[in-house]
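A look at the structure
This is what each chain is made of:
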Amino acid sequence: MNEPRGDATRIARAHRRGMTLLVLSLVLGVAFTGWLQGWVGSPHFSVTAGVGGGAATGGAVPRARQGLVANAENRGQVLFGRSCDSCHSAGGEGRGVALVTPEFRRDFKTEADIIQLVRDGTCRMPAYSRAFLADGDLAEIAKFTLARARAAAGVETAPPLPPLDGRGILEHKCLSCHNTIDKPLDARDVQVLFALDDMAKCAGLTVEQKAVLRTFLRTQQRP
Ligand code: HEC
Ligand code: HEC
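The structure reproduced in this document is the subject of the present report. (Residues numbered from 1 in each chain as written. Chains lettered and ligands numbered in written order. Predicted model: local features only at pLDDT ≥ 70, side-chain atom pairs only at ≥ 80, totals over all residues.)

**Considerations on helix H6 (residues 166–178)**
Helical periodicity: at 3.6 residues per turn, an α-helix aligns residues three or four positions apart in one direction. Put simply, the rule is: Fitting axes to the seven residues ending at a residue and to the seven starting there, one defines the bend at that residue as the angle between these axes. Going along the chain from the N terminus, every DSSP run of H or I of four or more residues is numbered as a helix, and every run of E of two or more is numbered as a strand. Three classes are used. A residue is buried when 20 or more other C-beta atoms lie within 10 Å of its own, exposed when 12 or fewer do, and partly exposed in between, with C-beta atoms placed from the backbone. Throughout, a residue-residue contact means that the two C-beta atoms, derived from backbone geometry, are no farther apart than 7 Å.
Most pronounced at His172, the bend in H6 amounts to some 30°. Those residues of H6 lying buried are Ile169, Leu170, Lys173 and Cys174. Looking at the packing, one finds that the buried side of H6 touches helix H8 (196–203) and helix H9 (207–220).

**Structural notes on the site of ligand 2**
As a reminder of what qualifies: Each residue receives a C-beta atom placed from its backbone. It is near a molecule or strand if this atom lies within 6 Å of it. Think of it as three bins: nonpolar holds Ala, Val, Leu, Ile, Met, Phe, Trp, Tyr, Cys and Pro, charged holds Asp, Glu, Lys and Arg, and polar takes everything else, Gly as well.
Taken together, 17 residues are adjacent to ligand 2, and Cys123, Cys174, Cys177, Ala195 and Met199 come closest. Residue assignment for the shell around ligand 2 shows that the elements contributing at least two residues are H6, helix H7 (191–194) and H8. The leading source of residues in the shell around ligand 2 is H8, at 5 residues. Class assignment for the residues of the shell around ligand 2 results in 13 nonpolar, 2 polar and 2 charged.

**A closer look at the site of ligand 1**
Among the 25 residues in the neighbourhood of ligand 1, the closest are listed as Cys84, Cys87, Gly96, Thr122 and Met125. Taken together, the elements giving at least two residues each to the shell around ligand 1 come down to helix H3 (102–107), helix H4 (111–120) and helix H5 (135–154). For the shell around ligand 1, the per-class residue count stands at 14 nonpolar, 7 polar and 4 charged.

**What to know about the packing of H6 against H9**
Heads up, the condition is: Geometry is summarised by axes, namely lines fitted to C-alpha atoms with helices restricted to the contacting stretch, and by angles between N-to-C directions that run from 0 to 180 degrees. In these notes the angle categories are as follows: under 35 degrees is roughly parallel, over 145 is roughly antiparallel, 65 to 115 is roughly perpendicular, and the rest is oblique.
In contact at an axis separation of 8 Å, H6 and H9 are set at 110° when each is read in the N-to-C sense. Taken together, the axes of H6 and H9 are roughly perpendicular relative to one another. Touching Gly166, Arg167, Ile169 and Leu170 of H6 are Gln209, Val212, Leu213, Thr215 and Phe216, all from H9. Broken down by class, the residue content of the contact of H6 with H9 amounts to 5 nonpolar, 3 polar and 1 charged.

**Points about the nonpolar core**
Under the convention used in this document: By convention the nonpolar core is taken to be a set of buried residues drawn from Ala, Val, Leu, Ile, Met, Phe, Trp, Tyr and Cys and joined through C-beta atoms within 7 Å.
The biggest cluster of nonpolar side chains holds 20 residues, and the ones touching the most others in it are Phe80, Val100, Ile114, Val118, Ile141, Ala142 and Ala149. Sort the elements by how many residues they give to this core and H5 lands first, with 8 residues. Contact partners of Val118, with chain neighbours within four places excluded, come to Tyr128 and Leu138. In this structure, Ile169, Cys174, Leu213 and Leu217 belong to the second largest nonpolar core, which totals 8 residues.

In short, geometric facts, not functional conclusions.
Listed below in structure tokens is the structure:
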């Protein structure tokens, strides 16, 4: 065992073992990265569970899939997959909300509503500047988001939700957060009107919701 010849063979063997391990880990590493990026697997987007006979899209609510190759028809979907799906997966497993719910359709009626929220950001969602997301790309994303939400409506049986009135906006969009922090909110206090611009943005209100809330808060002011 201790003679020099044996040592040389052992060292040569150790080198071969080392090389094999190196090559193996490289191959596995590339395969794993490919899997993460979605290079392998079905090129079709998956479909959420429970789809029935839907309207325009034939019932399927497409999930944005990362790593899909963009073409003229699916550009919005691919861009959504890149920029938004990590937080807004339609399965609801992200940090944001699934942008396919009845509440989403009630609050966001136009592509402009979505574009405004993305450009402004909220207290919980970062704003996207033009340097980060070009106007044309955001327009495609907004188009896809709205179309997907409407496709989801086609497979639901529940009736659409009526728009929130002023009190509803205050409760759902403001108190939902304020009740969790040490900052009592008094709708009769004129401070609420002064804070409205900042707080509407914080709560992600649409232009229309902000106007409805302003009118409501004016009626609440102490004489
Ligand atoms: C880092 C996570 C994150 C990313 C990335 C993200 N969002 Fe959001 N988004 C959120 C969170 C969290 C909320 C909930 C905001 C709130 O209640 O203030 C939200 C809210 C929204 C809303 C309002 C939904 C509602 O019902 O009130 C829209 C619309 C929206 N996001 C669109 C987008 C789009 C489009 C993109 C991609 C360009 C995107 N988001 C990327 C985290 C994210
Ligand atoms: C995501 C949580 C969140 C949401 C949603 C939210 N707020 Fe706030 N708001 C805060 C926090 C935190 C402060 C304290 C800010 C500070 O003291 O600097 C605050 C402060 C305020 C203040 C006090 C300002 C002052 O100078 O004392 C008013 C008024 C207010 N919010 C109104 C609203 C209204 C109206 C809405 C709904 C449109 C709303 N907020 C939505 C978190 C929230």
